[in-house]
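# Report on the structure
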Amino acid sequence: MVHFVGAGPGAPDLITVRGAEHLKKADIVIYAGSLVNPVLLGLCRESARIYNSAEMTLPEVLDICTKGHAEGWDIVRLHTGDSSIYGAIREQMDALAAEGIPYDVIPGVSSFCGAAAELQAEYTLPGVSQTVIITRMAGRTPVPEKEALERLAAHGATMVIFLSAGMLSEVSAALLAGAYTEDTPAAIVYKATWPEQKIVRCTVGTLAAAGAEQGISKTALILVGDFLGDGYEKSRLYDPNFETGFRRREASYES
Ligand code: SAH
């Protein structure tokens with residue numbers, strides 16, 4: 001069986017308990033060496049065969065899975081963050097299914113959650129934004145025209161931009177073509193939760209200069225929106241005047 005495991009954003013203790021258990025038992029581990037923290041491999045058995053997928057092609061990864069499965073081994077495919085976000089997991093699952101190889105998926109803490117935690121920020125502030133747009137600039141992988149950053153930026157919602165730290169000027173220009181202004185707060189989070197993490201708070205207008213100043217051009221998230229500012233409304237859920245399925249309105253607040 002092949003287990004697709006989300007390794008989390010970097011700090012080795014941010015893998016899930018289930019993911020760690022699979023890693024401890026695995027006979028074969030194929031990990032995304034570009035972004036998975038190698039400290040995690042310390043959980044593996046000494047006898048485990050370990051491959052770095054950063055140096056491999058899809059057919060090579062599948063070949064190891066197919067042969068390993070035929071020999072009865074337990075296989076972990078270790079992806080960075082959560083495998084559902086830019087994980088290239090679908091093509092692997094489809095190929096395994098075509099070979100009749102069973103697999104399951106263990107979620108991970110995506111880097112966008114790690115980044116919010118490090119910033120101590122909330123993406124969905126009442127009165128500010130109730131929507132998180134996760135996207136990227138087109139690179140070698142194209143982005144469908146209807147999802148061009150300028151068009152998504154029209155909403156002015158909270159935005160998390162992956163895979164685009166090398167294109168900060170273009171990101172800034174696209175955001176300004178939408179609902180954001182030069183002064184809209186932004187942040188660049190480099191290697192969230194790793195020891196070498198860097199957090200740069202800036203604005204949409206100063207994104208490129210801020211990134212250049214800190215020498216950040218990869219392995220970073222660009223976060224944009226007024227959730228990084230000071231204003232918001234309090235949550236209705238915890239409002240003493242508000243009843244939920246779990247809690248009656250407090251008597252002293254009844255009018
Ligand atoms: N599946 C991963 C994303 C893989 S795509 C996840 O859920 O996080 C790789 C991109 O993710 C990087 O270019 C960068 O934009 C972002 N990324 C991954 N780990 C990161 C981290 N620890 N800090 C900041 N950005 C990260």
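Look a little higher up for the structure.
The model shown is predicted, which means the values in this text are computed figures rather than measured ones.

Calculation rules
- Residues numbered from 1 in each chain as written.
- Predicted model: local features only at pLDDT ≥ 70, side-chain atom pairs only at ≥ 80, totals over all residues.
- Heavy atoms only, no water.
- Helix = DSSP H or I, 4+ residues; strand = E, 2+ residues; numbered from the N terminus.
- Core = buried A, V, L, I, M, F, W, Y, C linked by side-chain atoms within 4.5 Å.
- Buried < 20%, exposed > 50% of the residue type's maximum accessible area, 1.4 Å probe, protein only.
- Contact = heavy atoms within 4.5 Å.
- Near = heavy atom within 4 Å.
- Polar contact = N/O pair within 3.5 Å; in protein donor to acceptor, adjacent residues only side chain to side chain.
- Areas by Shrake-Rupley, 256 points an atom, 1.4 Å probe, with all protein chains shown as cover.
- Nonpolar A, V, L, I, M, F, W, Y, C, P; charged D, E, K, R; others polar.

### Quick notes on unusual backbone geometry
Positioned with a positive phi, Tyr86 is a non-glycine residue whose angle comes to about 50 degrees. Residue placement: Tyr86 occurs in the loop between β4 (75–79) and α3 (90–98).

### Some details on the nonpolar core
Ranked by size, the top nonpolar core spans 26 residues in total, and within it Met159, Leu175, Ile188, Leu207 and Val224 carry the most contacts. Here the element with the most residues in this core is helix α6 (residues 168–176); it accounts for four residues. Each residue touching Val224, except ones within four places of it in the same chain, is listed here: Ala157, Thr158, Met159, Ile161, Leu175, Tyr180, Thr184, Pro185, Ala186 and Val204. Among the nonpolar cores identified, the runner-up in size contains 17 residues, and Ala7, Ala26, Val29 and Val36 belong to it.

### Quick look at the site of the ligand
The ligand sits among 18 residues. The nearest are Ile85, Ser110, Ser111, Ala192 and Ala220. At 2.8 Å, a side-chain N or O of Ser110 approaches an oxygen atom of the ligand. Here a nitrogen atom of the ligand and a backbone polar atom of Ala192 are 2.7 Å apart. For the ligand, the accessible surface in isolation is 540 Å², of which the surrounding protein chains cover 94%. The residue inventory of the shell around the ligand, partitioned by class, reads 11 nonpolar, five polar and two charged.

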